[in-house]
Amino acid sequence: MNHDQLIAAYRTAGQEQIFAFWDSLTAEEQTQLAAQAAEIDLAEVDRLNRTLVLKSEGAAGVDLSGLAPAPVQFLPENGGDVAKWAEAKTKGEDALRAGRVAAFTVAGGQGTRLGYDGPKGTFAVTPLKNKSLFQVFAEKIKAVGLRYGKPLHWFIMTSHANHEQTESFFTQNKYFGLDKARVHFFRQGRMPAVDFKGKILLETKSSIALSPDGHGGSLRALHRSGALDLMEREGIDTISYFQVDNPIVRCVDPAFIGFHLLAGSGMSSKMVPKAYAEEKVGHFCLQNGKIVVIEYSDMPASMQKETNADGSLRYSAGSIAIHVIDREFARQMAAGGEGVSLPFHRADKKIPTVDGGGNAVKPEKANGVKFEMFVFDALPFANNSIVIETARADDFSPVKNAEGVDSPKTSREDQLRQFTRWLKASGAAVEADATGLPKAAIEVSPLFGYDATTFAERWNQLPYKPVVNDGLYLE
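Basis of the calculations
Residues numbered from 1 in each chain as written. Predicted model: local features only at pLDDT ≥ 70, side-chain atom pairs only at ≥ 80, totals over all residues. Heavy atoms only, no water. Helix = DSSP H or I, 4+ residues; strand = E, 2+ residues; numbered from the N terminus. Axes fitted to C-alpha atoms, helices over the stretch in contact; angles between N-to-C directions. Parallel < 35°, antiparallel > 145°, perpendicular 65-115°, else oblique. Contact = heavy atoms within 4.5 Å. Nonpolar A, V, L, I, M, F, W, Y, C, P; charged D, E, K, R; others polar. Buried < 20%, exposed > 50% of the residue type's maximum accessible area, 1.4 Å probe, protein only. Arc of directions from axis to C-beta. Salt bridge = Lys/Arg side-chain N within 4 Å of Asp/Glu carboxyl O.

A. Spatial organisation of unusual backbone geometry. Notably, F176 is not glycine yet its phi reads approximately 55°, a positive angle. Among the structural elements, F176 can be located in the loop between α6 (163–172) and β4 (183–187).

B. Quick peek at the packing of helix α7 (residues 217–224) against helix α11 (residues 327–335). For the pair α7 and α11, interaxial distance at closest approach is 8 Å and the crossing angle is 100°. Between α7 and α11, the crossing angle belongs to the class labelled roughly perpendicular. Contact residues: L219, R220 and H223 in α7; A330, R331, M333 and A334 in α11. For the contact of α7 with α11, the class distribution of residues is 4 nonpolar, 1 polar and 2 charged.

C. Region of interest: helix α8 (residues 227–234). Within α8, burial applies to A227, L228, L230 and M231. Relative to the axis of α8, the buried residues are bounded by an arc of 160° and lie together on one face. Where the residues of α8 are buried, they touch β3 (153–158), β4, α7, β10 (238–243) and α11. Once α8 finishes, G235 follows within two positions and takes phi at roughly 80°, a positive value.

D. Molecular detail of the pattern of salt bridges. Enumeration according to the criterion identifies 26 salt bridges in this entry. Notably, a salt bridge pairs R331 with E328, separated by 3.0 Å at the nearest N-O pair. Highlighted residues: R331 and E328, both in helix α11, separated by 3 residues, approximately one helical turn. Residue E328 is classed as partly exposed on the basis of its relative accessible area of 34%. Salt bridges here are not isolated pairs; linked through shared partners, they connect D229, E232, R327, E328 and R331.

Given below as structure tokens:
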């Protein structure tokens, strides 16, 4: 579509304001604006305006009818079936040996909330060596490949804001020892912001106000980038999904993969028991026979506080954004179709824009709407979706905030406690306080051990045992 055709299409759609300053732009600016305009699906914007923007008054809230707690495969120590867990682990290990599994990291975010200028994946998180999030994941993925004799492909979804920086970071660090041909970067999709009348907003005279389409957009990005086709060619049918801010995540967990495969599931999820009723995590629930996630902001406080006969929380299964996804299910969700597509959600935001004269406007209150998708909204479409329990201490300590909860400090401390548990379980003498925090600095590279089992195996092979309380780095 040439520029004249593009402008005509926007005029027909009632969005001609995008080109209000066209004649005053340089050729380079016109090219930029046209490229952004071509990126937008005008029919999709029209549908979202009709369903989310222009009919927002009196719109129905989240449907909470018929909710019940989701069934969960509990850990053996919490009453789960020991034999079933062993079977699942064997099944997952077989899939890894066969090369059927790929790692997938959602890494479009910047470190803004951390006070860090750069892609979040480049942020230093480990307690002794200050390794970046990307390095931690790379070492885990490499270690799994070595263990099962089949190197994994790693797919990394960036954003338009951090794509070049992310690729450069990997190049500078020689891909952390991974095969460059097995590390694949692609950009997340973007959506235009609109005002409360449904008109697409300009950020400047020559650029549209675009923003990432949410972590749910990862499925569309996998499809549009050709990643799913590459997986099919490589014999990969199982995708291990995790987000970039969680350094202790088990990027590739054989038991989790095995449960997913044994169930014939389209999409499976990990949960942790909520720490307290009002914890700000989504809730895994069962509704009309399907697994759904109800956000904490959508579930009434009274429901969040409901308890079982033993006093435990009724809705205790907290979502931590760790999933296993079947490749063809991801393709199905990305392609959409009648009744099979991720819904968009509306978020009212303060969106920098320009006025009729092209002057910059920085609003003091919400002046428009952004659209985003959530990956967990795919769960109700998945056949045989399952939820398994994981230990928070072994899988979830995200780095989200500069200070306080889910900060670099709390995550480093959780890593130290994890390393200490592994050492103690292997018979090492480690001085630690009442919370399990060691007195000396300790760090274990995933290449030495990426979970309790692999750590113990390697530790027991050491010809001599180092003195832990002098500080320790194992690789």
